[in-house]
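What the coordinates show
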Amino acid sequence: MSWLIFSIVYSIVAGLLAEASIPQTTQKQAITVVVLDSSKRPVRELAVERIRISGIAAVAVHAEPLSGPRHIVLLLDLSQSSRNSGIRWKNMVDTCKRFLKEVQPDDWIALHAFGENHRVLASFTHESSQIEQKLDALRAETEQDLKSSYGLGTNVATALQNTLASERPELCFGDVVVVVSDGEYSNLDGRKLQKIHQDLIDAGIRVYLLRTAETIQHLRLTPGMPLSVEREIELGALKRQLRAQQELVVPVGGAVLSPGEPIRGFPDFVDHPFKTERISGASKALALLIRSAHKLELDIEEPVRKPRSITMELAGDGDEKKDRLELQYPRWVMPPRTVLKN
């Protein structure tokens, strides 16, 4: 019996010693992070010691600004809901042209468009005037030509996938895709979108949505339906669309920006031209977000064999609302391409 006990104890000790002798590894991963103050303005400094990560054993070890030139893809929504409204068309062109005036001279801009299909309209260039000419040419096309090129639907997930595939390797860590859209997505495939999100996170690319409409287009409902019921149905559809817009961009560290007036009370479901000052404000805010990201390096202290969901927050914020900071960051860490030993 004593021999048996000795054997068991010996085996356990030998196993522990063998495990201890195996070199421990740490996965190094870099993600993009934007810090916003209570006024939603980017903060230039990021104290890594304040970052707390949940969902995985990881610590933030280093942060540096991504302040250099960026590659930016303007991805225009030319689906039927965008094309059929002259106001939405005008809002799109006016907003894009103003945004082009806000980007830095050394930024690279490309122009893509999508509906059911995806098209590359202009490769990366420093010349904003070339992009403006393409916008004017699009606006001059007939509805029949646009329908033939882009169809009726809004395959935004496929458009992101094709954009990423067509613009690599120029589009890389810290760069941005700006979806310019009315936000009416008819077929947002959740599983496909999640896979594309993970590809974007793996590449370190953010996505922003620049809206061209404040609300949804009037729904075609049953004739004779009470107006109050009709409006409640439309309001429910609007809420679903607004939620889908957030789900498109937030998981990859992006955000929704709208030059339109904030919706207060019950919307009238009528498109309105964007005011010049609001277009200017949203364009400046987006250009600032693009240039205000940090490259945050993480030490991940456990194996990552599949995408892992995480949450991040800043510890030590003041109790007052004005002192609180917000993080925009990717919502997953990815399996390693390489694992670095300590």
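Along each chain, the written sequence defines residue order, and numbers are assigned to residues from 1. It should be noted that, the model being predicted, local features are given only for residues of pLDDT at least 70 and side-chain atom pairs only at 80 or more, the latter also being counted only at that level, while totals for whole chains, interfaces and linings use all residues. Excluded from the side-chain calculations are hydrogens and water; all other atoms, namely the structure's heavy atoms, are used.

This paragraph deals with the overall build of the chain. Counting its regular elements, the chain contains nine helices and 15 strands. When accessible area is computed with a 1.4 Å probe and restricted to protein chains, residues below 20% of their type maximum are described as buried, those above 50% as exposed, and intermediate ones as partly exposed. Burial status across the chain gives 45% buried among its 342 residues. At a minimum sequence separation of 6, the contacts of the chain that also span at least 24 residues come to 82%. For the chain, the exposed area adds up to about 17,400 Å²; of that, 52% sits on carbon and sulfur atoms. Only DSSP runs of H or I with at least four residues qualify as helices, and only runs of E with at least two residues qualify as strands; both kinds are numbered from the N terminus onward. Throughout, a residue-residue contact means that at least one pair of heavy atoms, one from each residue, lies within 4.5 Å. Using the Shrake-Rupley algorithm and a 1.4 Å probe, accessible areas are obtained, with residue cover drawn only from the displayed protein chains.

DSSP bridges decide pairing: two strands pair if at least two such bridges lie between them. As summarised here, the arrangement of the six strands in space is β6-β5-β4-β7-β8-β9, forming an open sheet in which the pairing is mixed. Each end of this open sheet is capped by a strand with a single partner; those strands are β6 (118-125) and β9 (256-257). With six bridges joining them, strand β7 (residues 176-181) and strand β8 (residues 206-211) adopt parallel strand pairing. From the neighbouring strand, V179 faces β8, where its bridge partner is L209. Across the sheet, helix α3 (residues 86-102) is in contact with β4 (71-77), β5 (108-114), β7 and β8; its angle to β4 comes to roughly 175°. Axis lines are fitted to C-alpha atoms, over the contacting stretch for helices. Their N-to-C directions set the angle, which ranges from 0 to 180 degrees.

This part covers the packing of helix α6 (residues 156-167) against helix α7 (residues 190-203). Across the interface, α6 lies against α7 with an axial gap of 9 Å and an inter-helix angle of 30°. Between α6 and α7, the interaxial angle falls into the category roughly parallel. The two elements α6 and α7 meet at a crossing, and its hand is left-handed. Facing α6, whose interface residues are A157, T158, L160, Q161 and L164, α7 presents K192, L193, I196, D199 and L200. Here the contact of α6 with α7 is built from residues that sort into six nonpolar, two polar and two charged. Roughly parallel here means an angle under 35 degrees, roughly antiparallel means over 145, roughly perpendicular means 65 to 115, and every remaining angle is called oblique. Left-handed is the label given to a crossing in which the near helix is rotated counterclockwise from the far helix by less than a right angle, and right-handed is the label when the rotation is clockwise. When residues are sorted by character, Ala, Val, Leu, Ile, Met, Phe, Trp, Tyr, Cys and Pro go into the nonpolar class, Asp, Glu, Lys and Arg into the charged class, and all the rest, Gly among them, into the polar class.

Glancing now at the packing of aromatic side chains. Here a pair means two rings of Phe, Tyr or Trp (six-membered ring of Trp) with centres within 6.5 Å. Their orientation is stacked below 30 degrees between planes, edge-to-face above 60, and tilted elsewhere. Using the criterion set out here, one finds zero aromatic pairs in the structure. For a lysine, the NZ atom is tested; for an arginine, the CZ atom; a charge sits over a ring if that atom is within 6 Å of the ring centre and within 35 degrees of the ring normal. Its guanidinium or amino end placed over the ring of F173, K295 lies 5.7 Å from that ring's centre, counting from NZ or CZ. Lying over the aromatic face of Y329, R331 brings its terminal NZ or CZ to 4.0 Å of the ring centre.

The interhelical angle for the contact between α3 and helix α4 (residues 128-140), taken along N-to-C directions, is 175°, at an axis separation of 10 Å. As far as their axial angle goes, α4 and α3 are roughly antiparallel. Within the contact between the two elements, α3 uses G86, W89, K90, V93, C96, K97, L100 and K101 and α4 uses S128, I131, E132, L135, D136, L138 and R139. Looking at side-chain class alone, the contact of α3 with α4 contains seven nonpolar, two polar and six charged residues.

Detailed conclusions should not be drawn from predicted coordinates in areas where pLDDT is low. A residue's pLDDT is simply how confident the predictor is in it, with values from 0 to 100. Model confidence for the chain is summarised by a mean pLDDT of 85, while 86% of its residues fall at 70 or above. Here strand β15 (residues 340-341) stands out as the element of the chain with the lowest mean pLDDT, 36, in contrast to β4, whose mean of 97 is the highest. Taken as a whole, residues 12-23 scores under 50 in pLDDT and shows one contact with residues more than four places along the chain or in a different chain. Taken together, the stretch residues 338-342 has pLDDT below 50 and engages in nine contacts with residues farther than four places along the chain or on a different chain.

What follows concerns the pairing of β8. The side chains of a regular strand alternate between both faces of the sheet. Taking burial as the measure, the six residues of β8 include six buried ones, the bulk of the element. Relative to β9, β8 is paired through two bridges, and the arrangement is parallel. Residue L209 lies in a different strand from β9, and its bridge partner there is V256.

Its place among the elements puts H294 in strand β10 (residues 294-300). Since its relative accessible area comes to 3%, H294 is described here as buried. Contacts described as polar in this section are N or O atom pairs within 3.5 Å, which, within protein, must combine one atom able to donate a hydrogen with one able to accept it, while residues neighboring in sequence count only if both atoms come from side chains. At a separation of 2.8 Å, a polar atom in the side chain of H294 contacts the main-chain carbonyl oxygen of R44. Not counting chain neighbours up to four residues away, the residues in contact with H294 comprise I31, T32, V33, V43, R44, E45, L46, E64, P65 and L66.

This brings us to the side chain of R206. Topologically, R206 is positioned in strand β8. Looking at R206, its side chain comes within polar contact range of the side chain of Y208, at 3.0 Å. At 3.1 Å, the side chain of R206 and the backbone oxygen of L289 are in polar contact. Non-local contacts of R206, meaning those with residues more than four positions away in its chain, are made with T32, V34, R70, G174, D175, V176, V177, V252, G253, L289, I290 and A293.

Glancing now at the nonpolar core. Grouped together as the largest cluster of nonpolar side chains are 36 residues, with contacts concentrated most on L74, L76, V178 and Y208. No other element matches the six residues that α3 contributes to this core. Once residues lying within four places of it in the same chain are set aside, the contact partners of V178 are I72, V73, L74, L75, Y208, L210, L286 and I290. Here, nonpolar core refers to any group of buried Ala, Val, Leu, Ile, Met, Phe, Trp, Tyr and Cys residues whose side-chain atoms link them within 4.5 Å. L75, Y185, A244 and M334 belong to the second largest nonpolar core, which has 28 residues in total.

Here the focus is helix α8 (residues 227-249). Here α8 is 23 residues long and its end C-alpha atoms lie 34 Å apart, about the 33 Å a rise of 1.5 Å per residue gives. Among all positions of α8, only E230, E234, L235, A237, L238, Q241, A244, Q245, L248 and V249 are buried. Buried residues along α8 sit in contact with α6, α7, β8 and β9. Expected span of a helix, by definition, is 1.5 Å for each gap between consecutive residues, and there is one gap fewer than residues.

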